[in-house]
Amino acid sequence: MDIKDIIRSWWSARNPTIEESALAKKRLLICQRCPHMVKSTLFNFVCEECGCPIGKKIFSKKPKPCPLDKWN
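Residues numbered from 1 in each chain as written. Predicted model: local features only at pLDDT ≥ 70, side-chain atom pairs only at ≥ 80, totals over all residues. Heavy atoms only, no water.

*Asks:* Could you give an account of the environment of S21, naming the residues involved and the relevant values?
*Replies:* Along the chain, S21 turns up in helix α2 (residues 18-32). Considered as a pair, S21 and L42 are 21 residues apart in the sequence and their alpha carbons are 23 Å apart. Contact partners of S21, with chain neighbours within four places excluded, come to P16 and F59. (Helix = DSSP H or I, 4+ residues; strand = E, 2+ residues; numbered from the N terminus. Contact = heavy atoms within 4.5 Å.)

Printed below as a string of structure tokens:
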């Protein structure tokens, strides 16, 4: 777990640039078709594989942040 990436992702999700928003939307479309995206009472949806909240993970700047390597 990279705490710096988590903090940056949450910050970007709060006030994204146009580029960040476009990338996040693209990633979310991929996640919505993934069986590892599951409903969560705390974060709406999480990645079952890594446990991250999808709504924040999609803003990650880390190279290849998806544990299943679906975000090429």
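More follows now that the structure is in view.
*Asks:* A description of the packing of aromatic side chains should follow, citing residues and the corresponding values.
*Replies:* One pass over the structure, following the stated rule, counts one aromatic pair. Look at W10 and F43: their rings are 6.0 Å apart centre to centre, the planes differ by 75°, and that puts the pair in the edge-to-face class. Residue W10 is found in helix α1 (residues 3-14), and its partner F43 is found in the loop between β1 (37-40) and β2 (44-47); the two are separated by 33 residues along the sequence. For W10, a relative accessible area of 38% puts it in the partly exposed group. Above the plane of the ring of F45 lies K39, whose end atom (NZ or CZ) is 4.9 Å from the centre. Against the face of W10 rests K56, its NZ or CZ located 4.9 Å from the ring centre. (Phe/Tyr/Trp six-rings, centres within 6.5 Å; stacked < 30°, edge-to-face > 60°. Buried < 20%, exposed > 50% of the residue type's maximum accessible area, 1.4 Å probe, protein only. Lys NZ or Arg CZ within 6 Å of the ring centre and 35° of its normal.)

*Asks:* Describe α2, and please don't skip the residues or the numbers.
*Replies:* Since the α-helix advances by 3.6 residues per turn, residues separated by three or four positions end up pointing in the same direction. The end-to-end C-alpha separation of α2 is 21 Å, in line with the 21 Å expected for 15 residues at 1.5 Å each. E20, A24, R27 and C31 are the residues of α2 that are buried. Each buried residue of α2 lies within a common arc of 70° when the element is viewed along its axis, so the set occupies one face. Facing away from the buried surface of α2 by more than 90 degrees, the exposed residues are I18, E19, K25, K26 and Q32. Where α2 is buried, its residues touch α1, β1 and α3 (54-57). (Expected span 1.5 Å × (residues − 1). Arc of directions from axis to C-beta.)

In short, the description is geometric, and any link to function would need to be established separately.
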